[in-house]
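Structure at a glance
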Amino acid sequence: MAGEEQENNNTKGFRLLGILDVQNTPCARDAILHGAGGSLAAGLLHFLATSRVKRSFDVGFAGFMLTTLGSWFYCRMNNAKLRVQQRIIQTGIKNKIVYEGTVLDPTNKPGAETPSGPS
Amino acid sequence: MAHPSQLGFQDAASPLMEELLHFHDHALMIVFLISAFVLYIIVAMITSKLTDKLILDSQEIEVIWTVLPAMGSSQIAILSLRILYLMDEINDPHLTIKAMGHQWYWSYEYTDYQDLGFDSYMVPTQDLTPGQFRLLEADHRMVIPVESPIRVLISAEDVLHSWAVPSLGVKVDAIPGRLNQTTFIVNRPGILYGQCSEICGANHSFMPIVIEAVPLPHFENWTSLMMAEYT
């Protein structure tokens, strides 16, 4: 049952223009939503200022492109930094388990020297 | 493995495939934006009432539609070159396995373990047990330890084959008389499926590759059992 649900979730990914799987691609949904908001804001503001409908649509679309690209790059850079940190942490945990109690353990402090007997 | 009607990549099982997916998502977003832009231009031109029969050239738009695609292409190229060279890095493998392509099965040799070797034939459809996958299961799996760099040397005994495992981002041609090398690390335990990817005769579609990634103690137990059976 859980497998079927997972399969349904996998096949239900929504593809914008048949190209971009917005649900399963990290940052895609946020970028498109920010783009839509930016497009609306830019187009509306231009129309309010100039009352030119067609040109406002053009400005709105340009706003969509720029906002989507900007949001996408920002989110993907943060995502990449997180993935690097995740790998460092994973390697650290693995090395700690592997090297614990051996001479290669970086947390191994040298024991106190035992006092020598009277000469 | 892939699920029915799947269009995208399988989930990554190696760091390299993760990087490939990351790059693919980025390239696809750029493709989507370009497609949306072209669609918008088409609609705008069709719905425009403006005509001018005397336009000969326009330097400004020529510059724009040269510079912008160049910037986009160079950005994609730089990212792709990074991952291209990352794919060729060899990072001190812990284990070497030879995969030999035959008509129509694969054979695996673990020469690090006293010449352990075995053949891997597809399980015929009529012999599948419930839960097994048609045309993907093999009678002997290539077992490897997780989180260890593995080197696979690939060749063929008769005709061209190709050793491919999509979830690892690996596809290497098996060429008779030539030894090709690939290295990978499997991130997580599991069973990874692939199929021969070079036309090699009547049963080209029926020689799958099955990799079973297990923790190291389980791998050591498996090699002991296999050496007792096959050497």
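Since this is a predicted model, take the numbers as computed values, not measurements.

**Some points on the overall build of chain A**
Helices and strands together make up the secondary structure of chain A, namely three helices and two strands. Taken over 119 residues, chain A has a buried fraction of 22%. Contacts in chain A between residues at least 24 apart in sequence constitute 43% of all its contacts with a sequence separation of at least 6. Carbon and sulfur atoms make up 62% of the accessible area of chain A, which totals about 9,000 Å².

**Comments concerning helix H3 (residues 216–230) of chain B**
Residues and elements named next belong to chain B. End to end, H3 covers 20 Å across 15 residues, agreeing with the expected 21 Å (1.5 Å per residue, within 8%). Residues of H3 that are buried include every one of Phe219, Trp222, Thr223, Met226 and Met227, and no others. Along the axis of H3, the buried residues cluster in a sector spanning 135°; they form a single face. Turned more than 90 degrees away from the buried face of H3 sit Pro217, Asn221, Leu225, Ala228 and Glu229, all of them exposed.

**Some details on the packing of helix H2 (residues 28–50) of chain A against helix H3 (residues 53–99) of chain A**
All names here are of chain A. Contact geometry of H2 with H3 gives a least axis separation of 7 Å together with a crossing angle of 150°. Classed by the angle they form, the pair H2 and H3 counts as roughly antiparallel. In terms of crossing hand, the pair formed by H2 and H3 is right-handed. Each residue belonging to the contact of H2 with H3 can be placed in one class, and the counts come to 10 nonpolar, 13 polar and two charged.

**Regarding the UniProt feature "domain: Cytochrome oxidase subunit II copper A binding" (unreviewed entry) in chain B**
In this structure's numbering, the residues bearing the UniProt feature "domain: Cytochrome oxidase subunit II copper A binding" (unreviewed entry) are residues 92–225 of chain B. For residues 92–225 of chain B, helix accounts for 7% and strand for 45%, while the C-alpha atoms at its two ends are 26 Å apart.

**What to know about the interface of chain A and chain B**
At the junction of the two partners, chain A supplies 29 residues and chain B supplies 26 residues. Interface of chain A and chain B: buried area, both sides summed, is about 2,400 Å²; carbon and sulfur atoms make up 68% of it. Looking only at chain A, the three residues that lose the most surface to chain B are Ile19(A), Phe61(A) and Arg76(A), adding up to 22% of its buried area. For the pair chain A and chain B, the interface holds four salt bridges. Between Arg87(A) and Glu19(B) there is a salt bridge whose closest N-O contact spans 3.0 Å. The interface formed by chain A and chain B includes eight residue pairs in polar contact (both at pLDDT 80 or more). Where the side of chain A that touches chain B is concerned, the elements lending two or more residues are helix H1 (2–11), strand E1 (15–16), H2 and H3 of chain A. No other element matches the 16 residues that H3(A) contributes to the side of chain A that touches chain B.

**A look at the state of the cysteines**
By the definition in use, this model includes one disulfide over all chains. The disulfide that involves Cys27(A) links it to Cys75(A), with 2.0 Å between the sulfurs. Its S-S torsion of approximately -75° makes the covalent link between Cys27(A) and Cys75(A) left-handed. Here Cys27(A), found in the loop between strand E2 (20–21) and H2, pairs with Cys75(A), found in helix H3; they are 48 residues apart in sequence, far enough to count as distant. The exposure class assigned to Cys27(A) is buried, which follows from its relative accessible area of 9%. Of all cysteine sulfurs in the structure, the one in Cys196(B) sits closest to Cys200(B), which takes part in no disulfide; the separation is 3.8 Å. Residue classification places Cys200(B) among the buried positions, given a relative accessible area of 3%.

How each quantity is defined
Residues numbered from 1 in each chain as written. Chains lettered and ligands numbered in written order. Predicted model: local features only at pLDDT ≥ 70, side-chain atom pairs only at ≥ 80, totals over all residues. Heavy atoms only, no water. Helix = DSSP H or I, 4+ residues; strand = E, 2+ residues; numbered from the N terminus. Buried < 20%, exposed > 50% of the residue type's maximum accessible area, 1.4 Å probe, protein only. Contact = heavy atoms within 4.5 Å. Areas by Shrake-Rupley, 256 points an atom, 1.4 Å probe, with all protein chains shown as cover. Expected span 1.5 Å × (residues − 1). Arc of directions from axis to C-beta. Axes fitted to C-alpha atoms, helices over the stretch in contact; angles between N-to-C directions. Parallel < 35°, antiparallel > 145°, perpendicular 65-115°, else oblique. Left-handed = near helix turned anticlockwise from the far one by under 90°. Nonpolar A, V, L, I, M, F, W, Y, C, P; charged D, E, K, R; others polar. UniProt positions renumbered as here; feature names shortened; annotations may be inferred. Buried area = accessible area lost by both parts, 1.4 Å probe. Salt bridge = Lys/Arg side-chain N within 4 Å of Asp/Glu carboxyl O. Polar contact = N/O pair within 3.5 Å; in protein donor to acceptor, adjacent residues only side chain to side chain. Disulfide = S-S within 2.5 Å.

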